[in-house]
Amino acid sequence: ELCGLRLRLMLGDALGSESLDASTLLPVSKLPWELSIDRERGRRLAKSRYTSIVRTIGTSDPPRSTSVRIDGQLRVLVVDSQPEGAAPLNWPAEKARIKGALKKWKYAHLEFLDYASFEDTCRRLEGGSFSVIHFIGHGGVNENGNGYILFEKDRKRDPVYAADIADRFGDIKS
């Protein structure tokens, strides 16, 4: 049976290599992402019954192990985006961590989408049945309180807002 999409929003440094600045993270962490609404369009990010949102704070401590039952293959789409002018990210290290974590599991299949545009990401999601999408990149909140993820378009910054993500990801079955 096909299931929906679970979005995991990690606030701060995913590797835990930098100290977390509470004055930066606290205002963002208080936002109810699971109920977030694009005020201009009146749409929710998690408006589909197939979408759930989980958020966490980046830490050097690995998460506790949890058991998840997956029938068949675990398909992971790793999307990375670093447009010109964005703070540098260590893609190779993050990809190596993901590969290392899944190398012992013979039913895991990884696909990588480098320098990802939003359109390329949507096409890839629609064309494959993925269990997980892992985004390596940046995001933020604009002056109106609307959250976005920073994709690329011709290597330039392309902020994609929650409502647009909900529209495209919302009913993709995976």
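See the structure shown above.
Residues numbered from 1 in each chain as written. Predicted model: local features only at pLDDT ≥ 70, side-chain atom pairs only at ≥ 80, totals over all residues. Heavy atoms only, no water.

Visitor: Which residues make up the sheet that holds strand β8 (residues 138–141), and what are the values?
Guide: Taken in spatial order, the three strands make up an open sheet running β8-β9-β10, and their pairing is antiparallel. In this open sheet, the two strands that pair with only one neighbour each are β8 and β10 (156–161). On average, each strand axis in the sheet is inclined to that of its neighbour by 40°, with strand direction left out of account. Here β8 runs beside strand β9 (residues 147–153); their pairing, made up of four bridges, is antiparallel. Paired with Gly140 across the bridge in β9 is Tyr148. (Pairing = 2+ DSSP bridges. Helix = DSSP H or I, 4+ residues; strand = E, 2+ residues; numbered from the N terminus. Axes fitted to C-alpha atoms, helices over the stretch in contact; angles between N-to-C directions.)

Visitor: Hey, could you go over the pattern of salt bridges for me, with residue numbers and the actual values?
Guide: Within the structure shown, the criterion is met by 10 salt bridges. With a shortest N-O distance of 2.8 Å, Lys156 and Glu84 are connected by a salt bridge. Placement of the pair is Lys156 in strand β10 and Glu84 in the loop between β5 (74–80) and α2 (91–102), with a sequence separation of 72 residues. For Glu84, a relative accessible area of 44% puts it in the partly exposed group. A salt bridge links Arg155 to Glu152; the shortest N-O distance between them is 3.1 Å. Accessibility expressed as a relative area gives 33% for Arg155, which makes it partly exposed. Residue classification places Glu152 among the buried residues on the basis of a relative accessible area of 2%. (Salt bridge = Lys/Arg side-chain N within 4 Å of Asp/Glu carboxyl O. Buried < 20%, exposed > 50% of the residue type's maximum accessible area, 1.4 Å probe, protein only.)

Visitor: Account for the packing of aromatic side chains, naming residues and giving values.
Guide: If you walk through the whole model with that rule in mind, you get four aromatic pairs. Counting every residue linked through ring pairs, the aromatic cluster contains Phe118, Phe135 and Phe151. Sitting over the face of the ring of Phe130, Arg75 holds its NZ or CZ atom 4.7 Å from the ring centroid. (Phe/Tyr/Trp six-rings, centres within 6.5 Å; stacked < 30°, edge-to-face > 60°. Lys NZ or Arg CZ within 6 Å of the ring centre and 35° of its normal.)

Visitor: I'd like a rundown of the nonpolar core, residues and numbers included.
Guide: Leu77, Val79, Phe118, Leu125, Ile133 and Phe169 are the most contacted members of the largest nonpolar core, which totals 14 residues. Those elements that place two or more of their residues in this core are β5, α3 (118–127) and α4 (162–169). Considering each element in turn, this core owes the most residues, three residues, to α3. If you look at the next biggest cluster of nonpolar residues, it comprises six residues, including Val76, Val78, Trp91 and Ile98. (Core = buried A, V, L, I, M, F, W, Y, C linked by side-chain atoms within 4.5 Å.)

Visitor: Let's hear about α3: which residues, and what values?
Guide: Of all the residues in α3, the buried ones are Phe118, Thr121, Cys122 and Leu125. Seen end-on, α3 carries its buried residues on one side only, within an arc spanning 100°. Taken together, the buried residues of α3 touch β5, β6 (108–113), β7 (132–136), β9, β10 and α4. (Arc of directions from axis to C-beta. Contact = heavy atoms within 4.5 Å.)

Visitor: Tell me about the environment of Thr121, and please be specific about residues and values.
Guide: Looking at the secondary structure, you find Thr121 in helix α3. With 12 residues separating them in the primary sequence, Thr121 and Ile133 have C-alpha atoms 9.6 Å apart. Look past the residues within four positions of Thr121 in its chain and what remains in contact with it is Val79, Leu113, Ala116, Ile133, Phe151 and Phe169.

Visitor: Can you break down the sheet that holds β7 residue by residue, with the values?
Guide: Reading across from one edge, β6-β5-β7 is the order of the three strands in this open sheet, with parallel pairing throughout. Here the strands that pair on one side only, and so sit at the sheet edges, are β6 and β7. For this sheet, the mean angle separating the axes of adjacent strands, direction not counted, is 20°. Pairing of β5 with β7, which is carried by five bridges, proceeds in the parallel orientation. Looking at the pairing, Asp80 lines up with Ile136 of β7.

Visitor: How would you summarise unusual backbone geometry if you had to cite specific residues and measurements?
Guide: Although it is not a glycine, Asp154 sits at a positive phi angle of roughly 55°. For Asp154, the location among the structural elements is in the loop between β9 and β10. Relative accessible area serves as the criterion here: at 69%, Asp154 is assigned to the exposed category. Unusually for a residue other than glycine, Arg155 sits at a positive phi of about 65°.

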